[in-house]
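Chain by chain, the residues run as shown.
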Amino acid sequence: MDKPHKFMLASMGLVLMMVLLVYAHSFDNGFHFDDFHTITDNPSIRSLSNVPSYFRDASTFSVLPANRTYRPIVSASLALDYHLGKGYQLFWFHLSTTIEFLILVWLVSLLASGLYKNTEPLPAAPWLAILASAWFGLHPAMAETVNYIIQRGDLFCTLGCVAALVLYMQWRGGRRYGVYLLPLIFALLCKPPAAVFPVLLFAYIALFEVSEEKRWRKAAIAVVPSLLVTAAALVLQSAMTPKTFAPSILSPSAYRLTQPFVWLRYFAELFLPLHLNVDSDLQPFTSLNAEAMLGLVFLAALLAGIWLSARSPRLKPLTYGLIWFVVTQLPTSAYALSEVENDHRMFFSFAGLIPGTVWALYLALQRVLGVRNMQRWRGAISAAVLLALCGYAYGTTVRNRVWHSEESLWWDDVQKSPHNGRGLMIYGLTQMEQGRFARALDYFTRATEFTPNYATLEINLGIVNGAMGHNAEAEQHFLRAIALAPSDDQTHAFYGRWLMERGRGSEGVAQYNLARQLNPARPLPVPSVAQAAVHPEEHAINESLACYTRGDYEGSIRAAQEALAINPQSAQAYNNIGASLARLGRWEEAAEDDRHALAIDASLQIARNNLAEALAHSQQTSGPPAPAAAFPALLARSLTLYQAKEYQASLQAATAAAKLEPGSAEAWNNIAAADASLRRWDAAIAAAQKAVALKPDFQLAKNNLAWALSEKQKSLVGGRP
């Protein structure tokens, strides 16, 4: 091997060493965001024996039904990391990601070298290829994909596609055997955007490998094998993805209108990565505003740039880089996702855009300075390039520090995206975990301004209020979370934990059972007090509560009677029978069982509430209860009924409470919540406004008001009724 080749290899080795040094201090960075439901909460990755199941069951990818998609190789890599580290040892997860990233950085140099060699034999071409790989490897936008463990799907997808193209370029003899298709299959089993490979291959062949004559026909024939493989993979992907998969709740039209502006932001980040952020507060454009227009102008300029550069043979790498950018952005732009932009969506695009940009910048510099002066200014140019790379490397170290912990990551987010309700909530969660409850409540409250109908936020408001001893507010937040997302296991699980921690074991276990039914795969949150083994009597009580929650009142009565057969002095069993009889309209019998419960346990408040309701409907009562005693009972009863999803009965109880105490903001708020759950938006708005007028700082009433206003607006524009 001659000296120039040895020097080039040494230079490439130096680039890889620089990249490794930049990321070396990030090996103890934590798990974040989607890592929890796909890795730390996911029992399927904890044994290598589960690897075959990843290829036949997409539910192994995540414990969240809405996030289950088919990425078997990603799950297999996570299982291997777990096995090597004998648990959730961060080092092993980051080590495997970094090794794959270093391989990709090297492949980018080979991709750039192949493009340049097939364009023009410039003496500087090998150095430009190394520069392209260095820019890619040290660019701060890559930090999210490298640090965010579950997003290794983007890394693997890009790695497979680049490797397939490099193999096609460099090993012509292997084409007839389809060797280049092997890394493509790897990529397709990691993430669906790899399906753009046939288009990238078509553009490469048409630009670099065939003459003008019959260019398109020859390129089309050459990509047939990759097209067949991709089609088969997409059919498999579609068949394996569960019907529960729900990638977005955003309006597809608004999402797509926003994408040209997002492309502009991504393109700008290539040169000045100043706005990198884990969770942007950019919202979908619902109309053709100034930013949308700017995005469309950029899109037009981008397409014009492709057309104009394609007319010059010397600019073929630039043309290909721009085509690469457009093609790799299309999957996440045409298919609506949960966020309009993410840093990791730049990863695949920059792998091809950077080599084209480096080539174009070199030609532009050559044109400005002249060929002869390029030699004279070589030292200054090299120093400027090295300085720029050092700047990018520093930016990457800053991003690595941001990704160190949940607190550092989301603090960065709330600084850059102050209108992001989810970001405010998650940062508040990091504060709550450290016992800073007042600070957490402040951030949760700020979040409600931007995401007033967010069930997870309501759960966290319930948790923090409970920790601060505000039990009435806590329960209302838990119940509102259940109303917003009744099919979400987390709303029931965390309410169940809260109930257990307050000695309401039977109710808590019933909520736990419901959470387990909704999502058996996810671990339940552990109560802070130890739970004893369930006694047969307790089991019967729990079954009675579960039946009551499902609306099976006869079943609830039978289960409670089984509990009485075990313990005739069970106040909870009598209470459950009374509550079920009340739901069946048998008010007199209900009152009798409520009295039995109170005779056994006079402190059982829920039985008092049930008795108050039964007496209000029963003809046996000698008169209505005194207002002073009836009001709290009715108010509490309205909450209990709301929890049981008996919204009409809850409304009646809350209305009766409001008649007794017209100045009670809590009663009017309960009316608003019940009306909203019954989809009576105007009535809910009026009641919530009354509650806020009576108590201006009543955040839960503000949330209910925002919920009702939002849903009414949707119904007016053809949304949900």
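Report follows, based on the coordinates. (Residues numbered from 1 in each chain as written. Predicted model: local features only at pLDDT ≥ 70, side-chain atom pairs only at ≥ 80, totals over all residues. Heavy atoms only, no water.)

Structural notes on the layout of surface pockets
As a volume, the second largest pocket reaches approximately 1,200 Å³. In terms of lining, the second largest pocket is formed by 32 residues, of which the most central are Leu128, Leu131, Ile381, Ser382 and Val385. Going through the elements one at a time, α1 (3-24), α6 (125-138), α16 (346-369), α17 (371-376) and α18 (378-402) are the ones with two or more residues in the lining of the second largest pocket. When the residues that make up the lining of the second largest pocket are grouped by side-chain class, the tally is 27 nonpolar, 4 polar and 1 charged. (1 Å grid on protein atoms, 1.4 Å probe; cavity = no way out; pocket = protein on both sides within 12 Å on 5 of 7 lines; lining within 4 Å. Points joined across faces, edges and corners; volume = space filled by probe spheres on them. Helix = DSSP H or I, 4+ residues; strand = E, 2+ residues; numbered from the N terminus. Nonpolar A, V, L, I, M, F, W, Y, C, P; charged D, E, K, R; others polar.)

A few points about the nonpolar core
Phe101, Tyr116, Phe136 and Tyr320 are the most contacted members of the largest nonpolar core, which has 179 residues in total. Contacts of Phe101, omitting those with residues within four sequence positions, involve Val19, Tyr23, Phe136, Gly137, Met142, Val146, Leu155 and Phe347. (Core = buried A, V, L, I, M, F, W, Y, C linked by side-chain atoms within 4.5 Å. Buried < 20%, exposed > 50% of the residue type's maximum accessible area, 1.4 Å probe, protein only. Contact = heavy atoms within 4.5 Å.)

With respect to the packing of helix α10 (residues 197-209) against helix α15 (residues 316-334)
Remark: α10 packs on α15, axes separated minimally by 10 Å, with the N-to-C direction vectors making an angle of 165 degrees. With respect to α15, the axis of α10 lies roughly antiparallel. Crossing hand, α10 versus α15: right-handed. Seen from α10, the contacting residues are Val199, Leu200, Ala203, Tyr204, Leu207 and Phe208; seen from α15, they are Lys316, Pro317, Thr319, Tyr320, Ile323, Trp324, Val327 and Thr328. Tallied by class, the residues present in the contact of α10 with α15 amount to 11 nonpolar, 2 polar and 1 charged. (Axes fitted to C-alpha atoms, helices over the stretch in contact; angles between N-to-C directions. Parallel < 35°, antiparallel > 145°, perpendicular 65-115°, else oblique. Left-handed = near helix turned anticlockwise from the far one by under 90°.)

Here's the deal with empty space enclosed by the protein
Summed over the entire model, instances satisfying the criterion amount to 3 cavities of 30 Å³ or more. As for the second largest cavity, its lining consists of Gln476, Leu479, Arg480, Ser638, Leu639, Tyr642, Ser650, Asn669, Asn670, Ala673, Leu700 and Asn704. Within the residue set of the lining of the second largest cavity, elements represented by two or more residues are α23 (471-484), α31 (627-643), α33 (665-677) and α35 (699-716).

Here's the deal with helix α8 (residues 152-170)
An ideal rise of 1.5 Å per residue puts 27 Å on 19 residues; α8 measures up with 26 Å between its terminal C-alpha atoms. Of all 19 residues in α8, 17 are buried, a share of seventy percent or more. (Expected span 1.5 Å × (residues − 1).)

With respect to the side chain of Asn670
Here Asn670 lies in helix α33. Owing to a relative accessible area of 5%, Asn670 belongs among the buried residues under this scheme. In contact with Asn670, other than residues within four places in its own chain, are Gln476, Leu635, Ser638, Leu639 and Ala654.

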